[in-house]
Amino acid sequence: MKTRAAVAFEAKKPLEIVELDLEGPKHGEVLVEIMATGICHTDAYTLDGLDSEGIFPSILGHEGAGIVREVGPGVESVKPGDHVIPLYTPECRQCKSCLSGKTNLCTAIRATQGKGVMPDGTTRFSYNGRPIYHYMGCSTFSNFTVLPEIAVAKIREDAPFEKACYVGCGVTTGVGAVTNTAKVQAGDNVVVFGLGGIGLNVIQGAKMVGADKIIGVDLNPSKKKWAEKFGMTDFINPREITDVVDLIVELTDGGADYSFDCTGNTEAMRQALECCHRGWGTSVIIGVAEAGKEIATRPFQLVTGRNWRGSAFGGAKGRTDVPKIVDWYMQGKIQIDPMITHVMGLEKINDAFDLMHEGKSIRSVVLF
Ligand code: NAD
Ligand code: AHE
Ligand code: ZN
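Thresholds, definitions, all that
Residues numbered from 1 in each chain as written. Chains lettered and ligands numbered in written order. Predicted model: local features only at pLDDT ≥ 70, side-chain atom pairs only at ≥ 80, totals over all residues. Helix = DSSP H or I, 4+ residues; strand = E, 2+ residues; numbered from the N terminus. Rg over C-alpha atoms; globule rule 2.2 N^0.38 Å. Buried ≥ 20, exposed ≤ 12 C-beta atoms within 10 Å, placed from the backbone. Contact = placed C-beta atoms within 7 Å. Near = placed C-beta within 6 Å. Nonpolar A, V, L, I, M, F, W, Y, C, P; charged D, E, K, R; others polar. Domains from an automatic or database assignment. Pairing = 2+ DSSP bridges. Axes fitted to C-alpha atoms, helices over the stretch in contact; angles between N-to-C directions. Arc of directions from axis to C-beta. Parallel < 35°, antiparallel > 145°, perpendicular 65-115°, else oblique. Left-handed = near helix turned anticlockwise from the far one by under 90°. UniProt positions renumbered as here; feature names shortened; annotations may be inferred. Core = buried A, V, L, I, M, F, W, Y, C linked by C-beta atoms within 7 Å.

Regarding its fold elements, the chain presents twelve helices and 17 strands. Scaling as 2.2 N^0.38, a compact globule of 368 residues should have a C-alpha radius of gyration of about 21 Å, and the chain matches this with 20 Å. Taken along its principal axes, the extent of the C-alpha atoms in the chain is 60 × 40 × 40 Å. In the chain, which comprises 368 residues, the proportion classed as buried is 51%. In the chain, the share of contacts with a sequence separation of at least 24, taken over all contacts with a separation of at least 6, comes to 71%.

Turning next to the site of ligand 1. Every one of the 32 residues lining ligand 1 counts as a neighbour, but His41, Gly194, Gly196, Ile198 and Gly264 are closest to it. The element that contributes the greatest number of residues to the shell around ligand 1 is helix α1 (residues 41-47), accounting for three residues. Across the shell around ligand 1, the residue classes tally to 16 nonpolar, 14 polar and two charged. Mapping the shell around ligand 1 onto the domain boundaries places at least three of its residues in each of domain 1 (2-168 + 336-367) and domain 2 (174-312).

Further remarks concern the domain arrangement of the chain. With domains assigned, the chain is organised as domain 1 (2-168 + 336-367) and domain 2 (174-312). Here the C-alpha centroids of domain 1 and domain 2 sit 28 Å apart. The interface is formed by 14 residues belonging to domain 1 together with eleven residues belonging to domain 2. Ranked by residues supplied to the side of domain 1 that touches domain 2, first place goes to α1 with three residues. Looking at the side of domain 1 that touches domain 2 residue by residue, the classes come out as seven nonpolar, five polar and two charged.

Here four strands make up an open sheet; going across it, the order is β1-β2-β6-β7 and the pairing antiparallel. Strand pairing shows two members of the sheet lacking a second neighbour, β1 (2-7) and β7 (130-132), which therefore form its edges. The mean inter-strand angle of the sheet, taken between neighbouring strand axes irrespective of direction, is 50°.

Moving on: the site of ligand 2. Taken together, Cys40, Thr42, Asp51, Ser52, Glu53, Thr89, Leu105, Arg110, Cys169, Val288, Ala312 and Phe313 make up the full set of residues adjacent to ligand 2. Residue composition of the shell around ligand 2, grouped by class: six nonpolar, three polar and three charged.

This part takes up helix α12 (residues 349-357). Taken as a whole, α12 has its buried residues at Ile349, Ala352, Phe353 and Met356. One face of α12 carries all of its buried residues, which in axial projection span an arc of 100°. Where the residues of α12 are buried, they touch β1, β3 (29-39), α1, β16 (340-345) and β17 (363-367). The first or second residue beyond α12 is Gly359, which carries a positive phi of 70°.

Right, let's talk about the packing of helix α6 (residues 199-208) against helix α7 (residues 223-230) for a bit. Relative orientation of the contacting elements α6 and α7 amounts to 30°, with a least axis distance of 8 Å. In terms of orientation, α6 and α7 fall into the roughly parallel class. Taken as a pair, α6 and α7 cross one another with a handedness that is right-handed. The residues of α7 that touch α6, namely those facing Leu200, Ile203, Gln204 and Lys207, are Trp226, Ala227 and Phe230. Broken down by class, the residue content of the contact of α6 with α7 amounts to five nonpolar, one polar and one charged.

Below, the discussion takes up the UniProt feature "domain: Enoyl reductase (ER)" (unreviewed entry) in the chain. Here the UniProt-annotated "domain: Enoyl reductase (ER)" (unreviewed entry) positions come out as residues 13-366. The distance from the first to the last C-alpha atom of residues 13-366 is 19 Å, and the span holds 27% helix and 22% strand.

Quick look at the nonpolar core now. Within the largest apolar cluster, 107 residues are counted, with the highest numbers of intra-cluster contacts made by Val191, Val192 and Phe260. Among the elements that line this core, the one with the most residues is β3, at seven residues. Counting contributing residues, this core receives three or more from each of domain 1 (2-168 + 336-367) and domain 2 (174-312). Filtering out sequence-adjacent residues up to four positions away, Val192 remains in contact with Gly199, Val202, Ile203, Gly216, Val217, Phe260 and Cys262.

A cis amide bond, omega -5°, links Phe56 with the succeeding residue Pro57. Of note, Pro57 is situated in the loop between α1 and β4 (64-71). The phi torsion at Asn128 lies on the positive side, around 50°, for a residue other than glycine. Position of Asn128 among the secondary structure elements: in the loop between β6 (125-127) and β7.

Let us now look at the packing of helix α5 (residues 170-182) against α6. Interhelical geometry of α5 versus α6 gives an angle of 45° and a closest axis separation of 7 Å. When the axis of α5 is compared with that of α6, the two are oblique. Of the two elements, α5 crosses α6, and the hand of that crossing is right-handed. The segment α5 lies against α6, with Gly170, Val171, Thr173, Gly174, Val175, Ala177, Val178 and Thr179 engaging Gly199, Leu200, Asn201, Val202, Gln204, Gly205 and Ala206. For the contact of α5 with α6, the per-class residue count stands at seven nonpolar, eight polar and no charged.

This is the structure:
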């Protein structure tokens, strides 16, 4: 079949809207009509050539929602007509990681996913007979895409696609980092570095679980009013003060119980660790740093009880947890609507990248 898609033919070049050929689903795979997709900073990072796994030409996008249109042989968990969210972190429920009870990082298809191909080693997309690669196993910047059955979460049918798509990455990543990874408790002090599409969801997650102080840190002063809407109690612009760490330690009477990096900047990651409370403070890295960057701190920071850890997709097991997060949204426990600042057609998708880089959007969503 044919599908309209925004293709990343080369790094650092705008996406091009073209009509592609798409092969149907094979054994264990499903064809999904993407109805809406968000644009996450990780898409921009890959398009900018900063991802060590970046492959071109490919179809980016990993924050979508849509409808199953066809299923391949052997598919049992979903059927045509089901509403689904594609999962860049699948949940096979059979691999060592899924069975461990210790992680959401299913390993069933990670190797082929990182190479831009389906589990059988081939790509379903082509243009003028040449292969176009998948991205993060999702490729939601295409109107139709093919996914392994284990990489779709079935969601309720009354959830609007243009909001539900954000659960495919940003909402789950931010809220889940608080509830699944850090397990923030009522009364804890929390610091969030980077108040964009992920950081605001960390803030609303921290508010939801009853955190005490929720301190936001961002270089962009316009993010202050945004973060206040979701529960931030104090704002710090690092450009306006001399020492971010000292100020946070002072504001929290000794340091944060939990901090979260949602910037991808390795200097901010260091500050996020070092502003944690001596003896127990935990810093969670969510931001994705560009290829070649490394984190550093004095080992003494860890010797004296600070903990450094990371979180992918908010520690969420996709097929199990994503439908619950959609429920939370539908029940009004978490907000999504105000964070979707821009909605556009596929032909305007490059504007979404510009708005993100200019710090003017929280989330842009493309409607097909
Ligand atoms: P975004 O562009 O919407 O927000 C980033 C924010 O960080 C902006 O407000 C920016 O002003 C701020 N910022 C940048 N550098 C800063 C610094 N040095 N100090 C303070 N603030 C700074 O991006 P997003 O979509 O929210 O994504 C945030 C990061 O999270 C990206 O690195 C993205 O790749 C990553 N991410 C990770 C996961 C995961 O599962 N671990 C999931 C989604 C996104
Ligand atoms: N490909 C990069 C790493 C990118 C990365 O860390 N991705 C996050 C999700 S970001 C979503 O917006 C993730 O889930 N990582 C776990 C995984 O298995 O990829 C690199 O450095 O090579
Ligand atoms: Zn993302």
